[in-house]
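# Structural characterization, general
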Amino acid sequence: MRIVIRCAAVLTISWVFVLLAWTQASTTAERQLFAAANQARRAQGLPALRWDEALATAARRHALQMAKHGAAQHVFAGEATLPSRATQAGCHFYSLSENVVQGASVEAVYNEFLRSPNHRANLLDADIDSIGVGVAERDGQLFVVEDFSKAKQQVTR
């Protein structure tokens, strides 16, 4: 019985370390893409985007769905739409847009966003002010979601 408990404990601890390493790698990629987005905007004379944790939560959840399905899509059968995902994550917005892509590295993903006219237009939209980025990895591929918004400021009373 003790051997089973020790084995279970070792496996649990191993999974914790794997999850921490994965989370750290994903967070690093998210921050790199956030910085790259603002660099691209500055190069065009646009204001920097602010990080929105609610948008990032929605983006992370969708990135995990993309990794699970092994495909980059804006919505999967049975999944909520972007506005619903953002609202469920606690985001308050006037408008939303989204970039999704699958790639081998942060650099490849960033270059794809800049090469694609639709992705580039979302990234350089002068009306947006906020971003959340989500990254999930599967089989050496990054599944990346960039969610953008024109944020609705909350009134506190």
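Provided above is the structure to which this section pertains.
So, how was this worked out
- Residues numbered from 1 in each chain as written.
- Predicted model: local features only at pLDDT ≥ 70, side-chain atom pairs only at ≥ 80, totals over all residues.
- Heavy atoms only, no water.
- Pairing = 2+ DSSP bridges.
- Helix = DSSP H or I, 4+ residues; strand = E, 2+ residues; numbered from the N terminus.
- Contact = heavy atoms within 4.5 Å.
- Phe/Tyr/Trp six-rings, centres within 6.5 Å; stacked < 30°, edge-to-face > 60°.
- Buried < 20%, exposed > 50% of the residue type's maximum accessible area, 1.4 Å probe, protein only.
- Expected span 1.5 Å × (residues − 1).
- Polar contact = N/O pair within 3.5 Å; in protein donor to acceptor, adjacent residues only side chain to side chain.
- Salt bridge = Lys/Arg side-chain N within 4 Å of Asp/Glu carboxyl O.

## Some thoughts on the sheet that holds strand β2 (residues 93-103)
Strands sit in the order β1-β3-β4-β2 across an open sheet of four strands; the sheet is mixed. The two strands at the open ends of the sheet, each matched to only one other strand, are β1 (50-51) and β2. Sheet topology note: the β2/strand β4 (residues 141-151) ladder contains ten bridges and is antiparallel. Looking at the pairing, L96 lines up with S149 of β4.

## Re the side chain of S97
Relative to the elements of secondary structure, S97 occurs in strand β2. Sequence-distant contacts of S97, defined by excluding residues within four places in its chain, comprise L82, N122, E146, D147 and F148.

## Side note on the packing of aromatic side chains
Aromatic ring pairs are described here by two measures, namely the spacing of the ring centres and the angle between the planes. Applying the stated rule across the entire model yields one aromatic pair. On the basis of an interplanar angle of 75 degrees and a centroid distance of 5.2 Å, the ring pair of F34 and W51 is categorised as edge-to-face. One end of the pair, F34, is in helix α1 (residues 2-43); the other, W51, is in strand β1, and 17 residues separate them in sequence. We note that F34, like W51, is buried.

## A look at helix α2 (residues 53-69)
Over its 17 residues, α2 runs 24 Å from end to end, which matches the ideal 24 Å to within 8%, given 1.5 Å per residue. Taken residue by residue, α2 has A54, L55, A56, A58, A59, H62, A63, M66 and A67 as its buried positions. Contact partners of the buried residues in α2: β1, α3 (82-88), β2, β3 (130-138) and β4. Residue D52 occupies the N-cap position of α2, its side-chain oxygen lying 2.9 Å from the main-chain nitrogen of A54. Positive backbone phi, at 70 degrees, marks G70, one or two positions downstream of α2.

## Here we look at unusual backbone geometry
At D139, a residue that is not glycine, the phi angle is positive and equals roughly 50 degrees. Examined against the element boundaries, D139 turns out to sit in the loop between β3 and β4. The class for D139 is exposed, based on a relative accessible area of 68%.

## Describing the pattern of salt bridges
Applying the stated criterion to the full structure yields eight salt bridges. Between E98 and R85 there is a salt bridge, with its nearest N and O atoms 2.7 Å apart. Placement of E98 in strand β2 and of R85 in helix α3 is noted, with a sequence separation of 13 residues between them. Judged on exposure class, the residue E98 and its partner R85 are both buried. Across the pair R115 and E112 runs a salt bridge whose closest N-O atoms are separated by 3.4 Å. Remark: E112 and R115 occur in helix α4 (residues 106-115); sequence separation between them is three residues, near one turn of the helix. Several salt bridges converge on common partners, so that one network encompasses E30, E53 and R60.

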